[in-house]
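Observations on the three-dimensional arrangement
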Amino acid sequence: MIGGLFIYNHKGEVLISRVYRDDIGEAGLKAEQPIISRSVPKPVSCLKRNAVDAFRVNVIHARQQVRSPVTNIARTSFFHVKRSNIWLAAVTKQNVNATMVFEFLYKMCDVMSAYFGKISEENVKNNFVLIYELLDEILDFGYPQNSETGALKTFITQQGIKSQVPTKEEQSQITSQVTGQIGWRREGIKYRRNELFLDVLESVNLLMSPQGQVLSAHVSGRVVMKSYLSGMPECKFGMNDKIVIDKQGKGGGSEEAAKSGKQSIAIDDCTFHQCVRLSKFDSERSISFIPPDGDYELMRYRTTKDIILPFRVIPLVREVGRTKLEVKVVIKSNFKSSLLAQKIEVRIPTPLNTSGVQLICMKGKAKYKASENAIVWKIKRMAGMKESQISAEIELLPTNDKKKWARPPISMNFEVPFAPSGLKVRYLKVFEPKLNYSDHDVIKWVRYIGRSGIYETRC
Amino acid sequence: MPAVSKGDGMRGLAVFISDIRNCKSKEAEIKRINKELANIRSKFKGDKALDGYSKKKYVCKLLFIFLLGHDIDFGHMEAVNLLSSNKYTEKQIGYLFISVLVNSNSELIRLINNAIKNDLSSRNPTFMCLALHCIANVGSREMAEAFASEIPRILVAGDTMDSVKQSAALCLLRLYKTSPDLVLMGEWTSRVVHLLNDQHMGVVTAAISLITCLSQKNPDEFKTCVSLAVSRLSRIVSSASTDLQDYTYYFVPAPWLSCKLLRLLQCYPPPEDGAVKGRLVECLETILNKAQEPPKSKKVQHSNAKNAILFEAISLIIHYDSEPNLLVRACNQLGQFLQHRETNLRYLALESMCTLASSEFSHEAVKTHIETVINALKTERDVSVRQRAADLLYAMCDRSNAKQIVAEMLSYLETADYSIREEMVLKVAILAEKYAVDYSWYVDTILNLIRIAGDYVSEEVWYRVIQIVINRDDVQGYAAKTVFEALQAPACHENMVKVGGYILGEFGNLIAGDPRSSPLVQFNLLHSKFHLCSVPTRALLLSAYIKFINLFPETKATIQEVLRCDSQIRNSDVELQQRAVEYLKLSSIASTDVLATVLEEMPPFPERESSILAKLKKKKGPGAVSVTELEDSKREGGELNGGGDRGQDTATMAASNASTPSPSADLLGIRSTAPLGAAPASAGSLLVDVFSEAGPTAPSAAVNDDGFLRFVCKNNGVLFENQLLQIGIKSEYRQNLGRMYLFYGNKTSVQFASFTTTVSCPGELQSQLNVQTKPVEPLVEGGAQIQQVLNIECLTDFSDAPLLNIKFRYGGALQNLTLKLPVTINKFFQPTEMTSHDFFQRWKQLSQPQQEAQKIFKANNSMDTEVLKAKLLGLGTALLDNVDPNPENYVCAGVIQTKSQQVGCLLRLEPNAQAQVQHTDSPERVSHNYSSIPNFLHYLSPYSVNI
């Protein structure tokens with residue numbers, strides 16, 4: 001189980017330190033220190049200090065960047081995640097389930113950002129009482145507890161101490177909710193307008209060879225929902241999952257199967273929010289759930305087949321002698337011409353001995369950014385089935401270094417209003433038997449956004 | 001040097017540096033640096049000429065970026081250009097960049113050397129200095145090659161400025177240190193020595209460092225410097241503090257120069273010339289006198305400078321070791337320092353006194369400070385000072401004060417720092433032994449030592465006690481009594497139990513008369529500690545028990561009971577179990593006479609150097625040789641106590657007998673008769689060997705046919721083994737292809753150099769067999785194993801075997817080894833199953849003489865069916881059951897696969913048990929004569945069917 005939890009800033013200073021067990025920082029970590037010749041038992045604060053220092057010295061200030069998220073120092077394991085400049089480290093001396101620890105750390109990040117937004121040094125410092133309060137609630141003697149933001153918000157608030165003492169009913173309600181079966185939704189929620197927002201957010205990752213051959217491509221997507229529904233509604237979500245559609249196709253008419261089979265997608269793997277009934281998914285592959293109130297992420301998924309690649313990048317690099325390089329890059333948009341892609345940015349790396357760059361582009365703006373050793377070409381909007389190009393002339397400074405330029409890939413960023421995986425929401429049904437509103441009364445909004453992940457083409 | 005003028009302050013650089021310092025994160029810093037680098041690159045592009053100032057600025061920025069830890073791969077040319085500038089600041093930055101960034105093999109080195117040459121030959125002293133500094137800072141061999149001949153000329157030239165001379169001297173020193181062979185002083189020697197007479201003190205100070213270094217290598221050439229140094233020293237010492245103006249530091253005239261002169265004199269013996277010597281003694285006396293004078297300033301710098309000279313002078317006095325008067329005065333002076341407020345002074349005083357104590361003249365004088373030193377040991381706050389105090393006590397100890405010093409050290413030990421405890425224990429043990437007049441005192445001391453600091457008492461210490469007790473009759477009774485009393489403490493250290501067990505086991509009878517220490521009481525006392533001890537100690541105690549049986553027959557029953565109980569006789573530790581079983585048997589079987597002989601008192605140990613001393617030396621390491629040397633010299637005067645080095649003895653035993661974890665506890669010396677478990681089988685014999693019953697294999701034959709034959713019927717095993725090398729084989733064959741893995745194991749701890757192996761196919765084998773391999777690593781580390789893969793293709797029938805030639809260097813000697821690789825035609829057999837009918841039909845078809853071969857041979861020992869079967873299968877053929885009408889016979893069939901053809905082969909082995917003759921028929925369905933099959937059947941003969 002987790003022995004302690006520390007939050008560091010980028011300098012390695014400890015912002016938050018919570019120790020759950022005394023075993024961390026003992027025995028082995030002593031060896032990290034210079035010779036200690038006194039055998040007097042050390043106070044607990046000293047034990048903690050050892051662990052804190054060990055992580056700072058061996059990970060944050062390590063000479064070589066530490067890539068592994070788990071570091072073992074003197075038989076003590078440090079699990080860390082980094083959010084911008086902040087390091088969260090869970091420390092344990094025992095043989096714990098590493099995925100559990102990381103799940104907890106991620107959850108903790110979620111909870112913190114739900115309470116005070118971005119996790120930054122300043123925010124952590126401003127909210128340190130709150131963080132300790134949260135830590136008390138979500139981790140007990142090193143065992144993770146309920147870390148659902150919705151539930152936590154009912155009894156850990158940022159408004160300070162409430163003036164009136166909560167009534168007995170309120171107290172019992174909190175207790176039953178926190179300990180009950182549906183920990184993520186409280187009862188008695190009422191809305192005048194029952195509304196539901198559903199976003200399909202996907203990021204498409206690609207690595208392409210200079211000749212246009214796809215070396216690797218996958219889409220990782222999320223279904224994010226925002227629900228404002230009264231009572232305890234039961235929801236059912238359907239999409240064009242290949243398995244479901246094939247199953248239905250077998251049951252129903254064959255021509256329907258053929259028609260819908262074309263549009264269905266193969267999901268490689270997916271994970272759900274805890275509100276989804278997994279048993280039902282396993283048996284019927286239907287996604288049914290009682291939604292939490294407000295924002296939540298219903299599911300995550302990954303696909304690798306039949307991905308629609310929104311852009312194609314065609315690079316042309318020509319070395320003219322030792323001191324000159326000519327680069328021409330063509331981008332082609334590959335989707336319906338009625339759709340508009342936004343925030344397009346192409347990043348063309350330049351050699352390290354670049355001494356000057358001349359640029360010509362037909363569309364958008366291009367600039368040589370010396371601080372990043374790259375040419376950045378930005379286009380605000382671009383419709384489908386279009387093409388655009390940039391040509392650059394790079395002057396090089398001859399160096400006495402014989403190392404050849406490694407030619408890093410050209411990367412690209414964009415946003416398109418469709419799902420590159422081909423995912424379609426087929427239905428989202430809401431049933432609330434107790435209250436008198438039906439599926440038709442709920443206003444539903446669906447949106448698709450496809451973004452670039454690591455979208456690279458070798459040159 | 002001219003100061004940087006105001007107009008030269010590089011604003012761009014300052015802005016850049018402050019930008020970098022203001023960066024919040026590493027990423028931001030890298031971005032800023034990338035931007036700056038791009039900017040500098042665009043400036044250095046070369047299409048427009050840069051003025052000196054901007055060149056300097058950008059080179060400076062590059063230097064700064066480099067020092068931040070980023071790679072710089074351009075700008076070298078610009079830096080070299082700066083060297084030829086006429087402005088000091090530009091030149092300086094150019095030199096700075098070059099001494100930091102240009103590595104020796106750069107192609108620019110020629111240009112740089114050229115620029116340096118120009119500057120050296122210029123008449124501008126600051127430029128010359130810059131060039132010299134650059135040479136010294138780079139200090140590479142190339143620099144030495146280019147300038148080693150030039151610099152001495154500058155150094156001794158009459159018209160060189162003083163500041164340049166200083167730089168030249170230090171530069172030469174640096175070059176001499178990096179490549180002494182290139183700096184040849186020869187003709188310059190006397191002129192360099194005469195630099196000691198230079199008017200300018202700075203030049204003298206610089207030159208003396210050079211001379212000291214040079215004279216350490218060849219003292220004779222620089223002998224003349226002694227008188228010069230003495231006269232220089234006397235001039236400084238006798239000068240008033242105002243005479244030297246610039247070189248007077250807080251009222252002390254030229255302290256650095258004085259120290260260096262004194263240090264130079266320490267390279268030589270006392271001067272023989274009376275006048276010189278007189279003058280030197282006078283100087284030293286003056287220095288000692290000055291130390292007594294009241295300080296001229298309260299500033300710490302004043303006293304530091306004064307004391308620095310004083311300590312150097314004292315070192316010189318100790319070095320000469322011939323002036324009793326001076327030595328005693330030095331000692332008194334140090335005595336004053338012992339009580340000084342300044343901790344550093346006390347430390348230095350203790351350290352110097354340590355060396356003074358070794359001089360016969362001052363030993364007595366040092367001894368007068370014993371109280372102060374003891375006090376220092378007790379009260380000093382700094383552990384390093386306490387350590388020095390302990391060293392000094394050790395050094396000043398002799399017979400007269402040994403008891404006091406040992407007592408003090410013992411009492412200090414209780415509170416001593418853990419880091420120095422072990423050393424202290426060793427020192428106490430040595431002193432107690434060396435100056436012991438009364439051995440009961442010695443025993444008391446050591447037992448006290450074990451009581452106080454048992455954890456830090458190394459094996460050697462208690463071995464030594466036992467050596468001494470055994471070698472000294474007069475102390476044995478007392479030792480037994482004291483040990484017995486010490487053991488009565490409720491908690492005593494394991495080392496105490498060891499000593500107790502040993503001594504009571506040997507000499508328990510000497511105190512058995514007293515009813516309070518009757519044999520049974522002794523035994524019960526020892527046994528009460530038994531369960532708390534580690535395995536080696538328990539083993540020792542078991543030996544003590546068996547000795548008890550011999551000493552006191554009345555305890556026999558009790559002890560046998562103890563030995564017989566399960567926790568002993570079935571102990572999970574082999575050593576303890578073995579001892580328990582053996583001792584129990586010994587005590588119950590052997591008669592009293594035998595027991596008395598076997599368990600006789602240990603004979604006196606041979607005299608040998610004390611192992612404790614060796615241990616102390618090892619612990620001190622090379623850093624503190626002086627103390628141990630002193631120790632050696634004093635030993636000759638001191639009394640050598642009896643006793644040998646049991647520690648070493650047992651250590652070697654431990655090494656030689658791996659199954660004995662506690663050799664030191666082996667009181668009886670019956671180890672050789674003990675039925676040790678079978679010695680661990682050598683690695684070779686562990687490998688399954690089909691022919692192993694044929695007798696032990698000869699491990700190291702020059703060309704190893706023996707190993708070869710063993711592999712006819714098997715594929716894996718050890719091909720060759722000698723003291724140096726083991727070659728293992730793993731091979732697999734499929735159809736006409738084979739792959740053989742050769743494992744070369746280095747059995748020594750030394751690496752084999754230029755290890756090469758070649759596989760050759762002699763004669764016509766070349767066309768019959770195709771062997772391919774890759775070369776192996778030329779270095780085989782000690783204890784390591786390397787692997788080589790051979791790919792073998794059988795082209796056609798063959799009878800010879802490929803040769804493996806191994807060459808390597810072991811400790812300088814070239815080893816050459818040629819082995820036959822066990823590749824035989826039968827390796828390419830593929831077993832074929834066939835029925836009786838088929839077999840005989842084919843057998844009969846093969847009737848032509850060249851298709852058939854028959855061999856009758858003798859077997860050496862009885863023919864075992866299973867063994868024979870295994871061998872025939874190993875041959876590669878299929879063993880066919882129920883084919884031959886005579887069940888005694890063995891029938892085999894197989895196909896030999898070669899690249900050119902496949903050859904079927906039938907074989908019948910007819911053992912004749914009565915006549916002990918075997919008969920083999922081997923018809924082959926071949927078109928031409930196959931001679932090789934009978935050949936390797938012949939290989940079978942000595943092994944499989946020995947008659």
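This one's a predicted model, so the numbers in the text were calculated from it and none came from an experiment.

**A few points about the overall build of chain B**
Counting its secondary structure elements, chain B contains 42 helices and 17 strands. Split into buried and exposed, the 947 residues of chain B put 53% on the buried side. Carbon and sulfur atoms make up 51% of the accessible area of chain B, which amounts to about 43,600 Å² in all.

**Topic: the state of the cysteines**
Scanning all chains against the criterion turns up zero disulfides over all chains. Unpaired in terms of disulfides, Cys533 of chain B finds its nearest cysteine sulfur in Cys492 of chain B, a separation of 7.9 Å.

**Let's talk about the pattern of salt bridges**
Residue and element names in this part refer to chain B. Applying the stated criterion to the full structure yields 42 salt bridges over all chains. Where Arg32 meets Asp19, a salt bridge forms, and the shortest distance between an N and an O atom there is 2.9 Å. On the criterion of sequence distance, the pair formed by Arg32 in helix H2 (residues 26-43) and Asp19 in helix H1 (residues 11-22) is long-range, its members being 13 residues apart. A relative accessible area of 17% places Arg32 in the buried class. In this structure, Arg346 engages Glu380 in a salt bridge whose closest nitrogen and oxygen atoms are separated by 2.5 Å. Of this pair, Arg346 sits in helix H18 (residues 343-356) while Glu380 sits in the loop between helix H20 (370-379) and helix H21 (383-396), and the two are 34 residues apart along the sequence. Residue classification places Arg346 among the buried residues on the basis of a relative accessible area of 14%.

**Regarding the interface of chain B and chain A**
Counting residues at the interface gives 15 residues for chain B, matched by 19 residues for chain A. Summed over both partners, the interface of chain B with chain A buries about 1,500 Å², with 48% contributed by carbon and sulfur atoms. Of all residues in chain B, Arg41, Lys45 and Asp73 of chain B give up the largest surface area on contact with chain A, accounting jointly for 39% of the area buried on that side. Counting across the chain B and chain A interface gives two salt bridges. A salt bridge links Glu395 of chain A to Lys45 of chain B; its shortest N-O distance comes to 3.7 Å. Counting the contacts that link chain B with chain A gives five residue pairs in polar contact (both at pLDDT 80 or more). Among the elements that make up the side of chain B that touches chain A, the one with the highest residue count is H2 of chain B (seven residues). Grouping the constituent residues of the side of chain B that touches chain A by class yields five nonpolar, four polar and six charged.

**Things to note about the sheet that holds strand E1 (residues 4-8) of chain A**
Residues and elements named next belong to chain A. Taken together, the five strands give an open sheet; going across it, the order is E2-E1-E5-E4-E3, and neighbouring strands pair in antiparallel fashion. Where the open sheet ends on each side, the last strands, each with one partner, are strand E2 (14-19) and strand E3 (70-73). Put simply, the sheet's adjacent strands are angled 20 degrees from each other on average, direction ignored. When strand E4 (residues 76-83) meets strand E5 (residues 86-92), the two strands line up antiparallel, connected through seven bridges. Note on E5: the bridge partner recorded for Phe79 is Ala90. Relative to E4, helix H2 (residues 98-116) is tilted by about 35 degrees, and along the sheet it contacts E1, E3, E4 and E5. Its contacts with the sheet place helix H4 (residues 128-138) against E1 and E2, and it is angled at close to 25 degrees to E2.

**Brief notes about the sheet that holds strand E6 (residues 737-746) of chain B**
All names here are of chain B. Strand order in the open sheet made by the five strands is E4-E5-E6-E9-E8, with antiparallel pairing throughout. The sheet terminates laterally at strand E4 (717-721) and strand E8 (769-773), the two strands that pair on one side only. In this sheet, adjacent strand axes meet at a mean angle of 25 degrees when their direction is disregarded. Of the pairings in the sheet, the one linking E4 to strand E5 (residues 725-734) comprises four bridges and is antiparallel in character. Bridging from a neighbouring strand, Gly717 pairs with Ile729 of E5.

**With respect to unusual backbone geometry**
A negative phi holds for most residues other than glycine; trans holds for most peptide bonds. Backbone geometry places Arg75 of chain A, a non-glycine residue, at a positive phi of 60 degrees. Here Arg75 of chain A lies in the loop between E3 and E4. A relative accessible area of 72% places Arg75 of chain A in the exposed class. The phi dihedral of Tyr250 of chain B is positive, around 50 degrees, even though this residue is not glycine. Mapped onto the elements of the fold, Tyr250 of chain B is located in the loop between strand E1 (248-249) and strand E2 (252-253). The exposure class of Tyr250 of chain B is partly exposed, given its relative accessible area of 31%.

**Side note on the environment of Val204 of chain B**
Residues and elements named next belong to chain B. Residue position: Val204 is located in helix H12 (residues 201-217). Take Val204: its relative accessible area is 0%, and that puts it in the buried class. Residues Val204 and Leu257, 53 residues apart in the sequence, show an inter-C-alpha distance of 7.6 Å.

**A few points about helix H26 (residues 473-487) of chain B**
All names here are of chain B. With 15 residues, H26 extends 22 Å from end C-alpha to end C-alpha; this agrees with the ideal 21 Å at 1.5 Å per step. Every buried residue of H26 is listed here: Val475, Gln476, Ala479, Ala480, Thr482, Val483, Phe484 and Leu487. Looking at the buried residues of H26, the elements they touch are helix H24 (439-453), helix H25 (459-471), helix H27 (494-507) and helix H28 (519-530).

**Description of a nonpolar patch on the surface**
Residues and elements named next belong to chain B. On the surface, a nonpolar cluster with roughly 260 Å² of combined accessible area is contributed by Leu67, Leu96 and Val100. By the element assignment, Val100 lies in helix H5 (residues 88-101). Given the relative accessible area of 36%, Val100 is considered partly exposed.

**Some remarks on the confidence of the model for chain B**
Atom-level detail of predicted coordinates should not be read off regions where pLDDT is low. Residue and element names in this part refer to chain B. Predicted confidence across chain B gives a mean pLDDT of 77, with 83% of residues reaching 70 or more. Taken together, the stretch residues 915-919 has pLDDT below 50 and engages in 26 contacts with residues farther than four places along the chain or on a different chain. A low-confidence stretch, residues 923-947 (pLDDT under 50), is modelled with 89 contacts involving residues beyond four sequence positions or located in other chains. On the interface metric, ipTM, the complex scores 0.71, and its pTM is 0.58.

**Looking at the packing of helix H7 (residues 125-138) of chain B against helix H10 (residues 162-178) of chain B**
Residue and element names in this part refer to chain B. Where H7 meets H10, the axes come as close as 9 Å, and the angle between the chain directions of the two elements is 15 degrees. Regarding the angle of H7 to H10, the classification is roughly parallel. Remark: the crossing between H7 and H10 carries left-handed chirality. The segment H7 lies against H10, with Pro125, Met128, Cys129, Leu132, His133, Ile135, Ala136, Asn137 and Val138 engaging Ser163, Val164, Ser167, Ala168, Cys171, Arg174 and Leu175. Residue classes in the contact of H7 with H10 are distributed as 11 nonpolar, four polar and one charged.

**Observations regarding the pairing of strand E16 (residues 340-349) of chain A**
A regular strand places its side chains on the two faces of the sheet in alternate fashion. All names here are of chain A. The pairing of E16 with strand E19 (residues 374-383) spans nine bridges and is antiparallel. Bridge pairing in E19 links Arg347 to Val376. Where E16 lies against strand E21 (residues 410-416), four bridges are found, and the strand directions are antiparallel. Each bridged residue has a counterpart across the sheet, and for Gln342 the counterpart in E21 is Glu415.

**Points about the environment of Lys481 of chain B**
Position of Lys481 of chain B relative to the elements: it lies in helix H26. As for Lys481 of chain B and Gly508 of chain B, which are separated by 27 residues in sequence, their C-alpha atoms are 8.4 Å apart.

**Digging into the environment of Cys331 of chain B**
Residues and elements named next belong to chain B. Its place among the elements puts Cys331 in helix H17 (residues 324-338). With 38 residues separating them in the primary sequence, Cys331 and His369 have C-alpha atoms 9.3 Å apart. The residues touching Cys331, leaving out its near neighbours within four places in the chain, are Met353, Leu356, Ala365, Val366 and His369.

**Details of the confidence of the model for chain A**
Residue and element names in this part refer to chain A. The predicted model of chain A has a mean per-residue pLDDT of 85, with 89% of residues at 70 or higher. Mean pLDDT per element in chain A: helix H8 (residues 254-263) is the minimum at 53, and E21 is the maximum at 95. In the predicted structure, residues 27-44 sits below a pLDDT of 50 and forms 19 contacts with residues beyond four places in sequence or in another chain.

**Things to note about H24 of chain B**
All names here are of chain B. With 15 residues, H24 should reach 21 Å at 1.5 Å per residue; the first-to-last C-alpha distance of 21 Å fits that figure. With 12 of 15 residues buried, H24 lies mostly within the body of the structure. Buried residues of H24: Tyr439, Ser440, Trp441, Tyr442, Val443, Thr445, Ile446, Leu447, Leu449, Ile450, Ile452 and Ala453, and no others. Tucked inside the fold, the buried residues of H24 contact helix H22 (402-413), helix H23 (418-434), H25, H26 and H27.

**Quick word on a negative patch on the surface**
Residues and elements named next belong to chain B. On the surface, a cluster of negative charge is contributed by Asp438, Asp473, Asp474, Glu600 and Glu601. Considering the arrangement of structural elements, one finds Asp438 in the loop between H23 and H24. Judged by its relative accessible area of 36%, Asp438 is partly exposed.

Here is what the cut-offs are and how they apply
- All residue numbers refer to positions counted from 1 along the written sequence of the respective chain.
- Ligands are numbered from 1 and chains lettered from A, in the order in which they are written.
- Owing to the predicted nature of the model, reporting of local features is limited to residues with pLDDT of at least 70; listing and counting of side-chain atom pairs is limited to 80 or more, with chain, interface and lining totals taken over all residues.
- Side-chain descriptors were evaluated using all non-hydrogen atoms of the structure, hydrogens and water having been removed beforehand.
- Under the scheme used here, helices are H or I runs from DSSP no shorter than 4 residues and strands are E runs no shorter than 2 residues, and both carry numbers assigned from the N terminus.
- Categorising residues by exposure relies on relative accessible area from a 1.4 Å probe, with only protein chains included: less than 20% of the type maximum marks a residue as buried, more than 50% marks it as exposed, and the intermediate range marks it as partly exposed.
- Each accessible area is a Shrake-Rupley estimate made with a 1.4 Å probe; only the visible protein chains count as cover when residues are assessed.
- By definition, disulfides here are pairs of cysteine sulfur atoms that lie within 2.5 Å.
- Salt bridge, as used here, is a side-chain nitrogen of Lys or Arg placed within 4 Å of a carboxyl oxygen of Asp or Glu.
- In this analysis, two residues are considered to be in contact whenever any of their non-hydrogen atoms come within 4.5 Å of each other.
- Buried area counts how much accessible surface, traced with a 1.4 Å probe, disappears from two parts once they are put together, with both parts' losses summed.
- Polar contacts, as used here, are pairs of N or O atoms within 3.5 Å; protein pairs need one atom able to donate a hydrogen and one able to accept it. Residues neighboring in sequence count only if both atoms are side-chain atoms.
- Charged residues are taken to be Asp, Glu, Lys and Arg, nonpolar residues to be Ala, Val, Leu, Ile, Met, Phe, Trp, Tyr, Cys and Pro, and polar residues to be all remaining types, Gly included.
- Two strands form a pair only when DSSP identifies at least two bridges running between them.
- As a rule, the C-alpha atoms of each element are fitted with a line to give its axis, helices using only the stretch in contact, and angles between N-to-C directions run from 0 to 180 degrees.
- Here the expected span of a helix is defined as 1.5 Å times the quantity of residues minus one.
- Each patch is assembled from residues with relative accessible area greater than 30% and no salt bridge, linking like charges that lie within 9 Å and nonpolar side chains (Val, Leu, Ile, Met, Phe, Trp, Tyr) that lie within 5 Å.
- pLDDT measures how confident the predictor is about each residue, on a scale from 0 to 100.
- Geometric relationships in this document are graded by angle, where less than 35 degrees denotes roughly parallel, more than 145 denotes roughly antiparallel, 65 to 115 denotes roughly perpendicular, and other angles denote oblique.
- For a crossing to be left-handed, the near helix must be turned anticlockwise from the far one by less than a right angle; the clockwise case is right-handed.
- For the charge count, each Lys or Arg is scored as positive and each Asp or Glu as negative, with His and the chain ends excluded.
- We put the charge of a Lys on NZ, of an Arg on CZ, of an Asp on CG and of a Glu on CD.

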